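Inside the fold
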Amino acid sequence: MAILKITPDTIAEAARHIRAGGLVAAPTETVYGLFADATSAKAVSAVYDLKGRPRSSPLIIHVASIDMARQLAEFDRRSTYLVQRNWPGPLTLVLNAKSGSPVVSQATGGLSTVAIRIPDHPVALALIEAAGRPLAAPSANRYGKLSPTDALHVDTQFGRSLAMVLDGGKTRVGVESTVVDLTGPQGIILRPGGIATEVIEAALGSLGTASDSGAQRSPGMARSHYAPGAKVRLNALEPAGTEVLLAFGPNPPEGFIETRNLSESGDLKEAAANLFEYLHLLDRTDIDAIAVMPIPEKGLGAAINDRLRRAAAPRY
Ligand code: TXA
Ligand code: MG
């Protein structure tokens, strides 16, 4: 795969490749995305094939402006209020699709709803602008595996099967966008992510629960996901075998063969930004498990714990 420095030329080349139906990996503020023309059934189909992702699991559509979003989905006062305050940013809204939307049904899993966001990253925005159409972009990893926060993660997972990645360095937020379903009377967090639930709650008032309805409405939310090769053991306070440690906060326990600290000062934003990178680095074949210290379930801690629980879930 070509790992391209970001220049006006490489962005133009990537946009041409996408317009011709090809796939390009590029950074967003959350994780690297695998970008494809959302108006092309063939391009979208290639995304599912390359990722090995079930076709029932819909993709997020990325746009560069609220005007562009309005062509794809019905906005009401609630959704308008939320996006005016949080876009561009790590917030994805699930809304009722607009009739006449150019997004192909393959991208939305055949649902009558569509998930949309404006990414807060100059490269992703430039790519959408240059392609001149909405782009579908799941995280640029194989289905169920760790999300990529660096161009090298993308290269390691896809190698020759993908033509190019635009190298924007390490991503800033480090966990995927928060997915909020606004198709019902109450907003529902389908996936905790880069904007804290508390922020959404402050804007919308009380939220509905994701539990069962969420699993059904968001077909992509498989229990085992974000999985490194090694086993993951949560809430570790001391070693249990030959383990490496994903630590959080000052004074982590000793006795692990390697330790990476998500944030020595206990800053959850810093921890989120380091999460996938450190899981990639700690993932080795000569260990019993990656042990993970407890992480508070507030702010971005909810997104971190969601990813860690899925990484630790039984695999099939
Ligand atoms: O930060 C992100 O959101 C990244 C970057 C690349 O933008 N993208 C990303 O996409 O995480 P992906 O495909 O890995 O996650 C898409 C999530 C899944 O949980 C899926 O179920 C949900 O969005 N989703 C998409 N369309 C939906 C819909 N119409 N209804 C409910 N959930 C939907
Ligand atoms: Mg993903």
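It should be emphasised that the depicted structure is a prediction, and the values quoted were computed from it without experimental measurement.

What follows is about helix H1 (residues 8-19). Since the α-helix advances by 3.6 residues per turn, residues separated by three or four positions end up pointing in the same direction. Between its first and last C-alpha, H1 extends 16 Å over 12 residues, near the 16 Å set by a 1.5 Å rise per residue. Residues of H1 that are buried: Thr 10, Ile 11, Ala 14, Ala 15 and Ile 18. With its buried residues spanning 140 degrees around the axis, H1 presents them on a single face. Residues of H1 that are exposed and angled more than 90 degrees away from the buried face: Pro 8, Asp 9 and Arg 16. Buried residues in H1 make contact with strand S1 (2-5), strand S2 (24-27), strand S3 (32-37), helix H5 (122-131), strand S7 (135-136) and strand S8 (164-167).

Quick look at the packing of H1 against H5 now. Direction vectors running N to C along H1 and H5 enclose 55 degrees, while the axes themselves pass 9 Å from each other. When the axes of H1 and H5 are compared, the pair comes out oblique. Crossing hand, H1 versus H5: right-handed. Contact residues: Ile 11, Ala 14, Ala 15, Ile 18 and Arg 19 in H1; Ala 126, Leu 127, Ala 130 and Ala 131 in H5.

Orientation of helix H4 (residues 77-86) relative to helix H7 (residues 197-204), taken along the N-to-C sense of each, is 135 degrees, at an axis distance of 10 Å. Taken as axis vectors, H4 and H7 run oblique relative to one another. Note that H4 runs across H7; the crossing there is right-handed. In this structure, H4 uses Arg 78, Tyr 81, Leu 82 and Asn 86 to contact H7, whose residues at the interface are Val 199, Ala 203 and Leu 204. Considering only residue class, the contact of H4 with H7 consists of five nonpolar, one polar and one charged.

Reading the values: the criteria
- Residues numbered from 1 in each chain as written.
- Chains lettered and ligands numbered in written order.
- Predicted model: local features only at pLDDT ≥ 70, side-chain atom pairs only at ≥ 80, totals over all residues.
- Heavy atoms only, no water.
- Helix = DSSP H or I, 4+ residues; strand = E, 2+ residues; numbered from the N terminus.
- Expected span 1.5 Å × (residues − 1).
- Buried < 20%, exposed > 50% of the residue type's maximum accessible area, 1.4 Å probe, protein only.
- Arc of directions from axis to C-beta.
- Contact = heavy atoms within 4.5 Å.
- Axes fitted to C-alpha atoms, helices over the stretch in contact; angles between N-to-C directions.
- Parallel < 35°, antiparallel > 145°, perpendicular 65-115°, else oblique.
- Left-handed = near helix turned anticlockwise from the far one by under 90°.
- Nonpolar A, V, L, I, M, F, W, Y, C, P; charged D, E, K, R; others polar.

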